[in-house]
Amino acid sequence: MSQMLTTGVHWTIHDVELFAENEGTRYEIVDGELFVTRAPHFKHQQTCGKIFQQLNIWSESTGLGEAVINPGVLFSESDNVIPDVVWATKETLAVMLDEEGHLTGAPDLIVEVLSASKSDERRDKEAKLKLYSSRGVKEYWIADWRSRKLEVYRREQNQLKLVETLFSSDIIISPLLTGFSCTVNQFFPV
């Protein structure tokens, strides 16, 4: 469950650094807007794990890149997010990974898993889509474990555009992930 703090403040990573450690709380900033998210639903986390697993198996077999769950992505002081799953080529990681282990630029693929609240959905489908599009993410997947569907956005003419909506029995392939293929159903818990 996400809560957006709307106080007219333009938040930065320096503000968030002052917050007390709160186990299970995630702070994200998109265009200076602070989003506070509590620990997600169990099936949300299972979905993240299953998507990571499919990407990781493929990555290990091809050696083309790395998948990771919940990395910090620091685009700027006022754009600091923690996507559910990312995948990046080895070349991207060599350039974008800082000494603290955060990505400082766009990974090649970002996956967000929808939570139940409307503010979370707005964050993923509007604020983060706009951010990822403007920062050069090549592909963005939005997974909905409740309806077992996957929205696929790809970079076309310098912005992310919805190119397909896939359901359980559909097969996901991507020009970004050469040779990657699985049924969408494999992304979701039983």
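Higher on the page you've got the structure.
Since this is a predicted model, take the numbers as computed values, not measurements. (Residues numbered from 1 in each chain as written. Predicted model: local features only at pLDDT ≥ 70, side-chain atom pairs only at ≥ 80, totals over all residues. Heavy atoms only, no water.)

A. Focus on the pattern of salt bridges. Tallied over the full model, the rule gives 13 salt bridges. K90 serves as the salt-bridge partner of E66, at 3.7 Å between the closest nitrogen and oxygen. Of this pair, E66 sits in strand β4 (residues 65-69) while K90 is found in helix α3 (residues 90-96), placing the two residues 24 residues apart along the sequence. Since its relative accessible area comes to 39%, E66 is described here as partly exposed. Between D108 and K138 there is a salt bridge whose closest N-O contact spans 3.0 Å. Taken as a pair, D108 in the loop between α3 and β8 (109-113) and K138 in the loop between α4 (118-135) and β9 (139-144) lie far apart in primary sequence, 30 residues in all. A residue is classified by how much of its surface remains accessible, and D108, at 2% relative accessible area, is buried. (Salt bridge = Lys/Arg side-chain N within 4 Å of Asp/Glu carboxyl O. Helix = DSSP H or I, 4+ residues; strand = E, 2+ residues; numbered from the N terminus. Buried < 20%, exposed > 50% of the residue type's maximum accessible area, 1.4 Å probe, protein only.)

B. Molecular detail of the sheet that holds β4. Pairing is mixed across the open sheet formed by six strands, whose spatial order is β4-β7-β8-β9-β10-β11. A strand with exactly one partner marks an edge of an open sheet, and here the two such strands are β4 and β11 (159-167). Neighbouring strand axes in the sheet, compared pairwise and without regard to direction, differ in orientation by 15 degrees on average. Across the sheet, helix α2 (residues 42-62) is in contact with β4, β7 (85-89), β8 and β9; its angle to β4 comes to roughly 165 degrees. Contacts from α4 reach β8, β9, β10 (149-156) and β11 within the one sheet, and its direction differs from that of β9 by about 165 degrees. (Pairing = 2+ DSSP bridges. Axes fitted to C-alpha atoms, helices over the stretch in contact; angles between N-to-C directions. Contact = heavy atoms within 4.5 Å.)

C. View of α2. The end-to-end C-alpha distance of α2, which contains 21 residues, comes to 30 Å, matching closely the 30 Å that a straight helix rising 1.5 Å per residue would cover. Inspection of α2 places H44, T47, C48, I51, Q54, L55, N56, W58 and S59 among the buried residues, and these make up the whole buried set. Contacts from the buried residues of α2 go to β4, β7, β8, β9 and β13 (181-183). Just beyond α2, the residue with positive phi is G63, at close to 70 degrees. (Expected span 1.5 Å × (residues − 1).)

D. The arrangement of the state of the cysteines in detail. This model, assessed by the stated rule, comprises zero disulfides. Free of any disulfide, C182 has its nearest cysteine sulfur in C48, 15 Å distant. (Disulfide = S-S within 2.5 Å.)

E. Main features of the pairing of strand β3 (residues 33-37). The buried count for β3 comes to four of five residues, which makes it a mostly enclosed element. Across five bridges, strand β2 (residues 26-30) lies against β3 in antiparallel orientation. Note on β3: the bridge partner recorded for R26 is T37.

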